[in-house]
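# Report on the structure
These are the residues of each chain, in order.
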Amino acid sequence: MEVAEAPGRVSVRARTAPLSGSTARLSSPKSELAEVSPKSAPPETATEAPAAPAVETAPRVLPERKTGIEIERERLQPTRVVPGRAVYRSVLPGILQVPADVIIALARKSSLWPMTFGLACCAIEMIATYMSHHDLDRFGIIPWPSPRQADVMIVAGTVTKKMAPAVRLLYDQMPNPKWVIAMGACATNGGPYTRYDRVLQGVDKIIPVDVYVPGCPPRPEALMDGFIALQNKIMEERRKIG
Ligand code: SF4
């Protein structure tokens, strides 16, 4: 600050040189006082409420829908095959690999259709097995009244030599693959009539038998056990059947 003297007047002029440090340059004497004692300024105690952030509403963008040509073009792109990995896993991911003969055998054993015919008292037990108490249907075993679509023959009863050609004819009318269950002692080996010449000593003399169910007569549980044995045989011999 410099003092200029004039005749009859004294004036004080503020220095215009820049101040060092953190103080700002002020031009008025009043603000100069404030510059000199910066600590005497009142503390900033007033807190302003923070302004609410501006909510930007982005425009809603709908997913792009591919045209049919684009979908078809993607579909025709060559599949990227990962080395060391089966091709079908790249082409059809998530596919369970099972041999075809297993699938076919599973279908066959789970949908056996026995032809409905009976020859003697064992047929009553066979009928009881189909009824609601034992319910062969839950095994997928459905009785069928025609040899054209049936694949299982249950020989339930005594096979006489007079009846043998008819049994053979019915067997021949069944499509392949087909299976035979000899139910009871009579169908197995003549049973109680084995000494009679007019009774066939087992139905396996005229047709191949897959499962023998013993008993005179066998209970329904025994026939069901015979069906389970047949199902196991179908799975075991699936490669031979084709
Ligand atoms: S095995 Fe016994 S129950 Fe069955 S058909 Fe022969 S005699 Fe009748």
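Scroll up to find the structure.
I will try to describe carefully the structure that is included in this document. All chains use their own residue numbering, which begins from 1 and follows the written sequence. For a predicted model such as this one, the threshold for reporting local features is a pLDDT of at least 70, and the threshold for listing and counting side-chain atom pairs is 80 or more; totals across whole chains, interfaces and linings nevertheless cover every residue. To get the side-chain values, all heavy atoms of the structure are used, and hydrogens and water are removed first.

Turning our attention to the pairing of strand β5 (residues 179-183). Residue exposure (1.4 Å probe, protein chains only): buried if accessible area is under 20% of the type maximum, exposed if over 50%, otherwise partly exposed. Comment: elements are numbered from the N terminus, with helices defined as DSSP H or I runs of at least four residues and strands as E runs of at least two. The element β5 is extensively covered by neighbouring structure, given that five of its five residues are classed as buried. The side-chain alternation of β5 yields two buried faces, one formed by Trp179, Ile181 and Met183 and the other by Val180 and Ala182. Strand pairing is defined by DSSP finding a minimum of two bridges between the two strands. Where strand β4 (residues 152-156) lies against β5, five bridges are found, and the strand directions are parallel. Its bridge partner being in β5, Met153 is matched across the sheet by Val180. The handedness of a crossover follows from its direction of travel: if, with the strands pointing away from the viewer, the path from the first strand over the helix to the second runs clockwise, the crossover is right-handed. As a crossover connection, the stretch from β4 through helix α6 (residues 164-173) into β5 is right-handed. The parallel pair β5 and strand β6 (residues 211-213) is bridged by helix α7 (residues 184-189), and the resulting crossover is right-handed.

What we call a nonpolar core is a set of buried Ala, Val, Leu, Ile, Met, Phe, Trp, Tyr and Cys residues that are connected through their side-chain atoms within 4.5 Å. In this structure, Leu112, Val152, Ile154, Ile181, Phe227 and Leu230 are the most contacted members of the largest nonpolar core, which totals 23 residues. Those elements giving two or more residues to this core turn out to be α4 (100-109), α5 (122-130), β4, β5, β6 and α8 (220-236). Broken down by element, this core gets its largest block of residues, six residues, from α8. Not counting chain neighbours up to four residues away, the residues in contact with Ile154 comprise Pro114, Phe117, Met126, Tyr130, Ile181, Met183, Leu223 and Phe227. Among the nonpolar cores identified, the runner-up in size contains 17 residues, and Val167, Tyr171, Met174 and Ala182 belong to it. Contacts are residue-level and defined by heavy atoms, with any inter-residue pair within 4.5 Å sufficient.

Glancing now at the sheet that holds β6. Working definition: the strands of a sheet are paired by backbone hydrogen bonds and lie parallel or antiparallel to each other. The strand order across the open sheet formed by four strands is β3-β4-β5-β6, and the pairing between neighbours is parallel. Every interior strand has two partners, whereas the edge strands, β3 (114-115) and β6, have only one.

With that settled, the discussion passes to the site of the ligand. In these notes, residues near a molecule or strand are those with any non-hydrogen atom within 4 Å of it. Taken together, the residues surrounding the ligand are Ala120, Cys121, Cys122, Gly157, Thr158, Ala185, Cys186, Pro192, Tyr193, Gly215, Cys216 and Pro217. Each residue gets one of three labels, nonpolar for Ala, Val, Leu, Ile, Met, Phe, Trp, Tyr, Cys and Pro, charged for Asp, Glu, Lys and Arg, and polar for the others, Gly among them. A breakdown of the residues in the shell around the ligand according to their chemical character gives nine nonpolar, three polar and no charged.

What follows covers the packing of aromatic side chains. Stacked, edge-to-face and tilted labels apply to pairs of Phe, Tyr and Trp rings (six-membered ring for Trp) whose centres lie within 6.5 Å, assigned for plane angles under 30 degrees, over 60, and everything in between, in that order. Applying the stated criterion across every chain yields a total of two aromatic pairs. Aromatic pair Tyr193 and Tyr196: ring centres 6.2 Å apart, planes at 50 degrees, arrangement tilted. Assessed through its relative accessible area of 35%, Tyr193 is described here as partly exposed. Classification of Tyr196 by relative accessible area gives partly exposed; the value is 36%. Sitting over a ring, as applied to charges here, requires NZ of Lys or CZ of Arg to be within 6 Å of the ring centre and within 35 degrees of the ring normal. Over the aromatic face of Tyr171 sits the side chain of Lys178, whose NZ or CZ is 4.2 Å from the ring centroid.

Here the focus is the pairing of β4. Among the five residues in β4, five count as buried, and that is most of the element. Where β3 lies against β4, two bridges are found, and the strand directions are parallel. For Pro114, the partnering residue across the bridge sits in β4 and is Val152. The β-α-β motif built from β3, the intervening α5 and the parallel element β4 has left-handed crossover chirality.

By themselves, these observations are geometric and do not establish any function.
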